[in-house]
Amino acid sequence: MVMEEGRPGPSKPASDRRPQKREKKDKQQDQQQPCEGFSIKAMMKNSVVRGPPPAGSVKRRPAKHTAFRKFYDRGDFPIAVQHECVGNKIAWKVQIEELDYHYFLPLFFDGLCETEFPYEFFARQGVHDLLEHGGSKILPVVPQLIIPIKNALNLRNRQVLCTTLKVIQHLVVSAEMVGEALVPYYRQILPVLSIFKHMDVNLGDGIEYSQQKRENIGVLIRETLELFERYGGENAYINIKYMIPTYWSCM
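Note that this is a predicted model, so its numbers are computed, not measured.

*Asks:* Give me the overall build of the chain: which residues, what numbers.
*Replies:* For the chain, the helix and strand inventory stands at 11 helices and four strands. Every one of the 251 residues in the chain was classed for burial, and the buried ones make up 36%. Of the contacts made within the chain by residues no fewer than 6 positions apart, 64% connect residues no fewer than 24 positions apart. In the structure as shown, the chain presents an accessible area of about 16600 Å², 52% of it carried by carbon and sulfur atoms.

Spelled out as structure tokens, the structure:
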């Protein structure tokens, strides 16, 4: 059959007819529009509410230059490096017992925020040396150490956290009554420990080498809390439990 020119061809069935405008509307309806929660747009059709952003509680904070670095660069500390076969140590130019702990101990605690050599080495080793030879001079200085400890913990730096936790453990056992003197300051120290308390590595039968080097944050936090309870007196456990509800007594 030959179709004559000028005549329209056979019409399509009604089922095959679909206007282009309707197709565009269907595509627009299928597209889901992201929006913020608790907004007017979130109540509209085909809108998808975005989830909340990450809180960043364990995110590493940038470190600032400390007063310890300033004083070290200026040469105010009577210290030098003593090279040995096993490792480097601090050579004190004066007797440690004769130092003014109200002046030097808070400065060395302030250096716990440092992560670069030689500042990190001198601050860490200097704190342990001062705590080892301090004796009765340490207890009156405890209130001045809280802000440096809090600043170091608030950096959320894994290396700084491990170093600070070891220093806190040494501080608690360094002299009598120091553990009890720290109890009123648990609200400044324990919040960060509560965040990282669950970060414990469990490999089952495997070997976790960070435990040998004492770099497992979860283990260090548990040891620190147990020392707080043992040396903090009668009110230590109640205050620890108030700040960290998941803690159980070791006594």
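*Asks:* Give me the lowdown on the pattern of salt bridges, citing residues and values where you can.
*Replies:* Evaluated as defined, the whole model comprises five salt bridges. Between Glu 116 and Arg 69 there is a salt bridge, and its shortest N-O distance comes to 3.3 Å. Taken as a pair, Glu 116 in the loop between helix 3 (101-110) and helix 4 (119-134) and Arg 69 in helix 2 (residues 67-74) lie far apart in primary sequence, 47 residues in all. Arg 74 is the partner of Asp 76 in a salt bridge, and the nearest nitrogen-oxygen pair spans 2.8 Å. What emerges from the salt-bridge pattern is a single network uniting Arg 69, Glu 114 and Glu 116.

*Asks:* So what's going on with the confidence of the model for the chain? Residues and values would help.
*Replies:* Per-residue confidence for the chain gives a mean pLDDT of 79; residues scoring 70 or more make up 80%. Looking at the elements of the chain, mean pLDDT is at its lowest for helix 9 (residues 209-212), recorded as 48, and at its highest for helix 5 (residues 142-154), recorded as 91. Counting contacts from residues 203-210, a segment whose pLDDT is below 50, to residues more than four positions away or on other chains yields six contacts.

*Asks:* Before we move on, could you go through the environment of Pro 184 and cite the residues and values that matter?
*Replies:* With respect to the helices and strands, the residue Pro 184 is situated in the loop between helix 7 (178-181) and helix 8 (186-196). Look at Pro 184 and you get exposed, because its relative accessible area is 60%. Pro 184 sits 41 residues away from Pro 143 along the chain, and the two C-alpha atoms are 9.8 Å apart.

*Asks:* Report on helix 8, specifying residues and quantitative values.
*Replies:* In an α-helix there are 3.6 residues to a turn, and that puts residues three or four apart on one side. Here helix 8 has its buried residues at Tyr 186, Ile 189, Leu 190, Val 192, Leu 193 and Phe 196. Buried residues in helix 8, looked at end-on, bunch into an arc of 160°, giving them a common side. Against helix 5, helix 6 (158-172), helix 7, helix 10 (217-231) and helix 11 (236-243) lie the buried residues of helix 8.

*Asks:* Can you explain the packing of aromatic side chains? Please cite residues and give values.
*Replies:* Enumeration according to the criterion identifies 15 aromatic pairs in this entry. Taken together, Phe 68, Phe 71, Tyr 72, Phe 77, Trp 92, Tyr 103, Phe 104, Phe 108, Phe 117, Tyr 119, Phe 121 and Phe 122 form an aromatic cluster joined through their ring pairs. Above the face of the Phe 71 ring, Arg 74 is positioned so that its terminal group lies 4.8 Å from the ring centre. In this structure, Lys 241 packs its charged tip against the face of Trp 248, placed 4.2 Å from the ring centre.

About the criteria used
Residues numbered from 1 in each chain as written. Predicted model: local features only at pLDDT ≥ 70, side-chain atom pairs only at ≥ 80, totals over all residues. Heavy atoms only, no water. Helix = DSSP H or I, 4+ residues; strand = E, 2+ residues; numbered from the N terminus. Buried < 20%, exposed > 50% of the residue type's maximum accessible area, 1.4 Å probe, protein only. Contact = heavy atoms within 4.5 Å. Areas by Shrake-Rupley, 256 points an atom, 1.4 Å probe, with all protein chains shown as cover. Salt bridge = Lys/Arg side-chain N within 4 Å of Asp/Glu carboxyl O. pLDDT = per-residue confidence, 0-100. Arc of directions from axis to C-beta. Phe/Tyr/Trp six-rings, centres within 6.5 Å; stacked < 30°, edge-to-face > 60°. Lys NZ or Arg CZ within 6 Å of the ring centre and 35° of its normal.

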